[in-house]
Amino acid sequence: MYSNDAGSPTNFIDRYDELDVIQVLLDSIERGETIQFPLREYIGIGGIGKTALLKEIIQESNKKKIANVFIDYKVIDDNNPYIVVKRILKKLLEFANFSEVTSEMVDKLIENLPVNVDENINTPYVPNQLVKVFEDKSGVIIFDSLNLASAASLSILGNELIFPISQCNKTLILIGSRSRVDWGKSKYRLWRRTKSTALLT
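In terms of regular secondary structure, the protein is built from 7 helices and 5 strands. Starting at the N terminus, the α and β elements of the protein follow one another as α-β-α-β-α-α-α-β-α-β-α-β. Counting the 201 residues in the protein, one finds 51% classified as buried. Contacts in the protein between residues at least 24 apart in sequence constitute 80% of all its contacts with a sequence separation of at least 6.

What follows is the structure in structure tokens.
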């Protein structure tokens, strides 16, 4: 199962060095190999070409029939971080083609997210369930314009979703942002799994 929610790439400027690196990683996914540094972060000012690069990566993933999902924060209402994470979780479970997961099961997972991010961010239930879902899956997950996410959403997203998925080392997680993503309490352990690339003119 693979999809192309990102649409066709536009204004793809000379980013072939970055794309060459991704091609090597996509080849590793195709061969069923694990990925070192499963998080790749592309940082740059607005209009520098982050989105175009990420959309081109979706196209390359489709050519290889590698499962992929494109999540654009420009079209997400971030007023309620729990609703945001619930929507993302549903989309990721669809990406994983985990057909046995029902809406009711997702609702139960979300109910177990911590009520107060600052006081109780280490609830283990959601990560354990996600690791089980993704341990035999591989593909590409893209978060674009993640600089638009609130601090609360990033803290939940990093701790409850991104970190446990990255531990499997089979799914490539790509991020487009205007600055390095601050994952809150999870930032140091996520940064250790991340390679950041500054896109320059």
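What follows concerns the packing of aromatic side chains. In the structure shown here, the tally under the stated rule is 1 aromatic pair. Seen in terms of ring centroids, Y188 and W191 are 5.6 Å apart; in terms of plane orientation they differ by 85°. Their pairing is edge-to-face. One end of the pair is Y188 and the other is W191, both in helix α7 (residues 187-191) and 3 residues apart, which spans about a single turn. On the basis of relative accessibility, which here comes to 52%, the residue Y188 falls in the exposed class. What makes W191 partly exposed here is its relative accessible area of 23%. Stacked on the ring of W191, the Lys or Arg R180 has its end atom at 4.2 Å from the ring centre. In this structure, R189 packs its charged tip against the face of F163, placed 3.9 Å from the ring centre.

The end-to-end C-alpha distance of helix α6 (residues 151-167), which contains 17 residues, comes to 22 Å, matching closely the 24 Å that a straight helix rising 1.5 Å per residue would cover. Maximal helix bending in α6 amounts to about 45°, located at G158. The buried fraction of α6 amounts to 14 of the 17 residues, a majority that puts the element mostly inside the structure.

Ranked by internal contacts, the top residues of the largest apolar core, which has 31 residues, are I88, F143, L146, L157 and W183. Those elements giving two or more residues to this core turn out to be β2 (68-72), α3 (81-95), β3 (139-144), α6 and β4 (171-177). Filtering out sequence-adjacent residues up to four positions away, F143 remains in contact with L54, I71, I88, L157, I162, I173, L174, I175 and G176. Membership of the second largest hydrophobic core comes to 19 residues, among which are L26, I29, L53 and V140.

Across the protein, the average pLDDT comes to 79, with 74% of residues at or above 70. No element of the protein has a lower mean pLDDT than helix α5 (residues 125-134), which averages 60, and none a higher one than strand β1 (residues 39-43), which averages 96. Low pLDDT (under 50) marks residues 1-5, which in the prediction has 18 contacts with non-local residues, meaning those over four places away or in another chain. In this model, residues 115-125 is a region of pLDDT below 50 whose contacts with residues beyond four sequence positions or in other chains number 20 contacts.

Residue position: S166 is located in helix α6. Between the C-alpha atoms of S166 and R193, which are 27 residues apart in sequence, the distance is 7.8 Å. S166 has contacts with P38, L39, I173, L190 and R193, leaving out every residue within four places of it along the chain. A polar side-chain atom of S166 sits 2.7 Å from the main-chain carbonyl oxygen of F163.

Looking now at the side chain of D144. Within the fold, D144 resides in strand β3. Residue class for D144 comes out buried when judged on its relative accessible area of 1%. Discounting residues that sit within four places of it in the chain, D144 has contacts with T51, L54, F70, I71, D72, Y73, K74 and G176.

Sheet architecture is open: 5 strands sit in the order β2-β3-β4-β1-β5, paired in parallel fashion. Each end of this open sheet is capped by a strand with a single partner; those strands are β2 and β5 (194-198). Adjacent strand axes in the sheet meet at a mean angle of 15°, parallel and antiparallel pairs treated alike. Bridging between β1 and β4 involves 5 bridges; their strand directions are parallel. Considered in β4, the bridge of E41 is made with I175. Most of the contacts of α6 go to β4, to which it runs at about 140°, and overall it touches β1, β3 and β4.

Scoring rules and cut-offs
- Residues numbered from 1 in each chain as written.
- Predicted model: local features only at pLDDT ≥ 70, side-chain atom pairs only at ≥ 80, totals over all residues.
- Heavy atoms only, no water.
- Helix = DSSP H or I, 4+ residues; strand = E, 2+ residues; numbered from the N terminus.
- Buried < 20%, exposed > 50% of the residue type's maximum accessible area, 1.4 Å probe, protein only.
- Contact = heavy atoms within 4.5 Å.
- Phe/Tyr/Trp six-rings, centres within 6.5 Å; stacked < 30°, edge-to-face > 60°.
- Lys NZ or Arg CZ within 6 Å of the ring centre and 35° of its normal.
- Expected span 1.5 Å × (residues − 1).
- Bend = angle between axes of the 7 residues up to and from the residue.
- Core = buried A, V, L, I, M, F, W, Y, C linked by side-chain atoms within 4.5 Å.
- pLDDT = per-residue confidence, 0-100.
- Polar contact = N/O pair within 3.5 Å; in protein donor to acceptor, adjacent residues only side chain to side chain.
- Pairing = 2+ DSSP bridges.
- Axes fitted to C-alpha atoms, helices over the stretch in contact; angles between N-to-C directions.

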